[in-house]
Amino acid sequence: PSARTCRRSQVIKKMSTPRITLLMAVSTLAAAPLEARDSTTVSLSVRPQDFGAVGDGMHNDTTAVREAFAKCAALGGCDLIIDDGVFLTGPVQVSSGNTRLIFGGNGTLLAAPRDQWIGAGWTAEAVLTASLVQNIAIQGPGKIDGNGAAWWAAVHDDLSYRPHMMALRNITDLTVDGVALLNSPNHNVFLHDCTAVRVTGLAVSAPHDSPNTDGINFCGGSDQSIVDSHISNGDDCVSIVTSEDHKGEMGYGGGVIVSNVTCVYGHGISIGSIKHGTVTNVTVTNVTFISSENGARIKTYPNNTGLVADITYSNIVLVNASIAILIDGKYCPKSQKPYPCPPGDVAVEIRNITFEGFRGTVKPNQGCVGLLDCSELLPCRDITMRDIHLEMASGSPSTDDHFTCKSAVQGPPANDVTPPSCLSPLL
């Protein structure tokens, strides 16, 4: 998005309930039974149809769907099964631990249209929310459809309200496996300060020009990963940023692995934007970018403090990307107030960044294949580039066939880099 600060759309009511689990099985709905509170092993399954849901995609099933979620919470957790229908609904919330939200192959949760959403006065942060719970699983192969087209037409920035698809806050032990997310009004999977997160087989689809439809946002948290996933959208494929709401204190993020992910269109895999915060320990490997605006991207605001360090992008394939590698130490979108961002005497430090094993094509007439634009106040240091082979997508020579370094970018001598690296020697 134009301003990556992990703002929330509204304050979610805090939960006091224990653990939640969202597991997604790609092949079957056969789920192991959960334990009831009396430790008796029983199968606790709940369906919206149990409460009168029609599931035809036209009838408003909000009441029935919410009653199913409430029943699951009253049981202290359950298998909440969305299958055999398209359930038109307003926002819903998982509010109990030990809960598996299972989307069968014939099951879709369809967000109510924008006019209905506004008419009902709904202001939830997302179609599906959960907060302060543990052990949650969201399981496919079914779908959540955000019905986003009317939202995109009405709102073109991230300053006005649009619900995310999922907003999951302060969750411990979260599994998302095999679910498909279509047409999110805003971000698709928004994770804030979650721990022990495993996302596998996520499929995200939104038009290439849909605003702010980030695939997945890791905001703060630790021990998180996304693997074996496919994201086609209109904004960041994956973003790793700091936690929010830190009341002037430094925000922290990182501890993320991104592996075997395909990003189509969108803005690449981004660290940041960082404003008064620290992101460290991120590995992005075995990723393919197809017609993406960026591949590897790091962005920090000027006149702010913090650190981006220990970041590795490796084994990257680019197909007709606009730019392969981007470090933007002067990021300042027009949504910022004031704009332009005022100069100052501090900067976010960027160091120990590795780009290796890049292959592929970059669109001609973009100015360069890679841009490293660091702060004059605090040069980027220990930037490593090795085994990089990029060419113009047209296959013909171009004056854009080079890396550009602005301000001071320091690193060891590049090893096997085509076109040649622009790094300055370490001082």
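Residues numbered from 1 in each chain as written. Predicted model: local features only at pLDDT ≥ 70, side-chain atom pairs only at ≥ 80, totals over all residues. Heavy atoms only, no water.

## Section: the state of the cysteines
A covalent bond between the sulfur atoms of two cysteines is referred to as a disulfide.
Reasoning step 1: In the structure shown here, the tally under the stated rule is five disulfides.
Reasoning step 2: Linked covalently through their sulfurs, Cys237 and Cys263 form a disulfide whose S-S length is 2.1 Å. When the S-S torsion is -70°, as for the bridge of Cys237 with Cys263, the disulfide is left-handed. You can see Cys237 sitting in the loop between strand S19 (222-233) and strand S20 (238-241) and its partner Cys263 sitting in strand S21 (residues 251-265), a full 26 residues away along the chain.
Reasoning step 3: Residue Cys237 is classed as buried on the basis of its relative accessible area, which comes to 0%.
Reasoning step 4: Here Cys374 is linked by a disulfide to Cys380, with a sulfur-sulfur distance of 1.9 Å. The S-S bond linking Cys374 to Cys380 shows a torsion near -105°; that makes this disulfide left-handed. Of the two residues, Cys374 and Cys380, both sit in the buried class.
Reasoning step 5: The thiol sulfur of Cys194 is not disulfide-bonded, and the nearest other cysteine sulfur, from Cys219, lies at 9.3 Å. (Disulfide = S-S within 2.5 Å. Helix = DSSP H or I, 4+ residues; strand = E, 2+ residues; numbered from the N terminus. Buried < 20%, exposed > 50% of the residue type's maximum accessible area, 1.4 Å probe, protein only.)

## Side note on the sheet that holds strand S6 (residues 92-94)
Reasoning step 1: A sheet is described by the order of its strands in space; here 11 strands give the open sequence S6-S9-S12-S15-S18-S20-S22-S24-S26-S28-S30, paired in parallel fashion. Only two strands of the sheet have a single neighbouring strand rather than two, namely S6 and strand S30 (403-406). Here the strands of the sheet are splayed against their neighbours by 15° on average, with no regard to which way each runs.
Reasoning step 2: Note that strand S12 (residues 164-169) and strand S15 (residues 189-192) share four bridges and pair parallel. In the strand pairing of S15, Ala167 is matched with Phe190. (Pairing = 2+ DSSP bridges. Axes fitted to C-alpha atoms, helices over the stretch in contact; angles between N-to-C directions.)

## Observations concerning the nonpolar core
Reasoning step 1: Ile269, Tyr313, Phe355 and Phe358 are the most contacted members of the largest nonpolar core, which totals 87 residues.
Reasoning step 2: Broken down by element, this core gets its largest block of residues, six residues, from strand S25 (residues 306-321).
Reasoning step 3: Those residues in contact with Phe358, other than ones at most four positions away along the chain, are Ala296, Tyr313, Ile316, Leu318, Ala324, Ile325, Asp387, Ile388, His389 and Leu390.
Reasoning step 4: If you look at the next biggest cluster of nonpolar residues, it comprises six residues, including Ala112, Trp117, Val127 and Trp151. (Core = buried A, V, L, I, M, F, W, Y, C linked by side-chain atoms within 4.5 Å. Contact = heavy atoms within 4.5 Å.)

## Let's talk about the pairing of strand S22 (residues 269-274)
Reasoning step 1: With six of six residues buried, S22 is to be regarded as a mostly interior element.
Reasoning step 2: Both S20 and S22 contribute to a ladder of three bridges, which runs parallel. Residue Ile240 lies in a different strand from S22, and its bridge partner there is Ile271.
Reasoning step 3: Of the pairings in the sheet, the one linking S22 to strand S24 (residues 296-300) comprises four bridges and is parallel in character. What sits directly across from Ile271, in S24, is Ile298.

Worth remembering: the numbers are spatial, not functional.
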